[in-house]
Amino acid sequence: MRVYYDRRAREYDDWYRGTGLFAGRDRPGWDEEVAHLIDVVASLPPVRTLDVACGTGFLTRHLRAAVVALDQSETMLEEASRTATNATFVQGDALELPVPDQSFDRVFTAHFYGHLDGPDRERFLAEARRVAPELVVVDSSRASSEQDEARQERVLNDGSRWQVYKRWFSAEGLAAELGGGETLLAGRWFVAVRAA
């Protein structure tokens, strides 16, 4: 998947912005909910945060205080460094976080957890708990999907086609999966949960 994300990096934010290949999608209330999601992220208390699978830094730049942004894709990190000037960037594996135990106050991740299969979900959760006492997960809402999970074909601007595993969540379901937590956002397009 690293190759997919390297190739998608420069067009990834088209999804958030509704531009490029996403311009024709009918997503009622999308722009307002993206703005609300940004407000939710910006309102998190300013603590030492590890942003895992930060991608282009679209949400990273709204995290306050000391932020270390990690991604496996060098190209994603290059994109993130242009916009998330508040962060320090590290290339690394989200399932083997290259940081010491309890070195952060929060692990934050957006649109990563929903791409993990069962064993990788458990590995990630164990790593997040090792690194910080708090985990905030942002992902796609079940309210916008007719299914809980699927293999999706994703087409990039260059015409290449990729198979991606994807899950959608209710806020309550995500909180339960994380071992309990507080719902920060339960929208049509996004959910956000904070677990301690």
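Computed from a predicted structure; not experimentally measured.

## Let's talk about the side chain of Glu33
Then comes step 1: Tracing the chain through its elements places Glu33 in helix α3 (residues 30-42).
Then comes step 2: Despite its burial, Glu33 pairs with no opposite charge; the closest candidate is Arg188, at 7.0 Å N-O.
Then comes step 3: There is a polar contact of 2.8 Å between the side chain of Glu33 and the backbone nitrogen of Trp189.
Then comes step 4: Every residue in contact with Glu33, bar those within four places of it in the chain, is listed here: Gly187, Arg188, Trp189 and Phe190.

## A closer look at the pairing of strand β5 (residues 134-140)
Then comes step 1: Most of β5 sits inside the fold, with seven of its seven residues counted as buried.
Then comes step 2: Taken together, the five bridges between strand β4 (residues 106-110) and β5 define a ladder with parallel strand orientation. Looking at β5, one finds that Thr109 is bridged to Val137.
Then comes step 3: Traced from β4 through helix α5 (residues 118-131) to β5, the parallel crossover comes out right-handed.
Then comes step 4: Pairing of β5 with strand β9 (residues 190-195), which is carried by six bridges, proceeds in the antiparallel orientation. Within the sheet, the bridge partner assigned to Ser140 lies in β9 and is Phe190.

## Here's the deal with the environment of Gly173
Then comes step 1: Within the secondary structure layout, Gly173 lies in helix α6 (residues 171-177).
Then comes step 2: For the pair Gly173 and Arg142, spaced 31 residues apart in the sequence, the C-alpha separation amounts to 9.6 Å.

## Comments concerning the pattern of salt bridges
Then comes step 1: Tallied over the entire structure, the rule returns 17 salt bridges.
Then comes step 2: As a salt-bridge pair, Glu79 and Arg10 come within 3.5 Å of each other at their nearest N and O atoms. Of this pair, Glu79 sits in helix α4 (residues 74-83) while Arg10 sits in the loop between α1 (2-8) and α2 (13-17), and the two are 69 residues apart along the sequence.
Then comes step 3: In this structure Arg10 comes out as exposed when scored by relative accessible area, which is 56%.
Then comes step 4: A salt bridge links Glu79 to Arg82; the nearest nitrogen and oxygen atoms lie 3.4 Å apart. Remark: Arg82 and Glu79 occur in helix α4; sequence separation between them is three residues, near one turn of the helix.
Then comes step 5: Residue Arg82 is classed as exposed on the basis of its relative accessible area of 53%.

## Re the sheet that holds β5
Then comes step 1: Overall, mixed pairing links the seven strands, which are arranged β3-β2-β1-β4-β5-β9-β8 in an open sheet. Only two strands of the sheet have a single partner each, and these edge strands are β3 (87-91) and β8 (182-186). Mean inter-strand twist for the sheet, computed between neighbouring axes without regard to direction, equals 15°.

## Comments concerning unusual backbone geometry
Then comes step 1: Positioned with a positive phi, Ala53 is a non-glycine residue whose angle comes to about 60°.
Then comes step 2: Within the secondary structure layout, Ala53 lies in the loop between β1 (49-52) and β2 (67-71).
Then comes step 3: Given a relative accessible area of 19%, Ala53 falls into the buried group.

## Some details on the packing of aromatic side chains
Then comes step 1: With the rule as written, the count across this model stands at 13 aromatic pairs.
Then comes step 2: Their ring planes at 55° and their centres at 5.6 Å tell us that Tyr4 and Trp162 sit as a pair that is tilted. Remark: Trp162 occurs in strand β7 (residues 161-167) and Tyr4 occurs in helix α1; sequence separation between them is 158 residues. Each member of the pair, Tyr4 as well as Trp162, carries the same accessibility label: buried.
Then comes step 3: What links up through ring pairs into an aromatic cluster is the set Tyr12, Trp15, Tyr16, Trp30, Phe58, Trp189 and Phe190.
Then comes step 4: Over the ring of Phe58 we find Arg61; its NZ or CZ atom is 5.0 Å from the centre of that ring.
Then comes step 5: Just above the ring of Trp168 sits the side chain of Lys166; from NZ or CZ to the centre is 6.0 Å.

Cut-offs used in this document
Residues numbered from 1 in each chain as written. Predicted model: local features only at pLDDT ≥ 70, side-chain atom pairs only at ≥ 80, totals over all residues. Heavy atoms only, no water. Helix = DSSP H or I, 4+ residues; strand = E, 2+ residues; numbered from the N terminus. Buried < 20%, exposed > 50% of the residue type's maximum accessible area, 1.4 Å probe, protein only. Lys, Arg positive; Asp, Glu negative; His and termini not counted. Salt bridge = Lys/Arg side-chain N within 4 Å of Asp/Glu carboxyl O. Polar contact = N/O pair within 3.5 Å; in protein donor to acceptor, adjacent residues only side chain to side chain. Contact = heavy atoms within 4.5 Å. Pairing = 2+ DSSP bridges. Right-handed = clockwise from strand over helix to strand, strands pointing away. Axes fitted to C-alpha atoms, helices over the stretch in contact; angles between N-to-C directions. Phe/Tyr/Trp six-rings, centres within 6.5 Å; stacked < 30°, edge-to-face > 60°. Lys NZ or Arg CZ within 6 Å of the ring centre and 35° of its normal.

These figures come from the coordinates and say nothing about function on their own.
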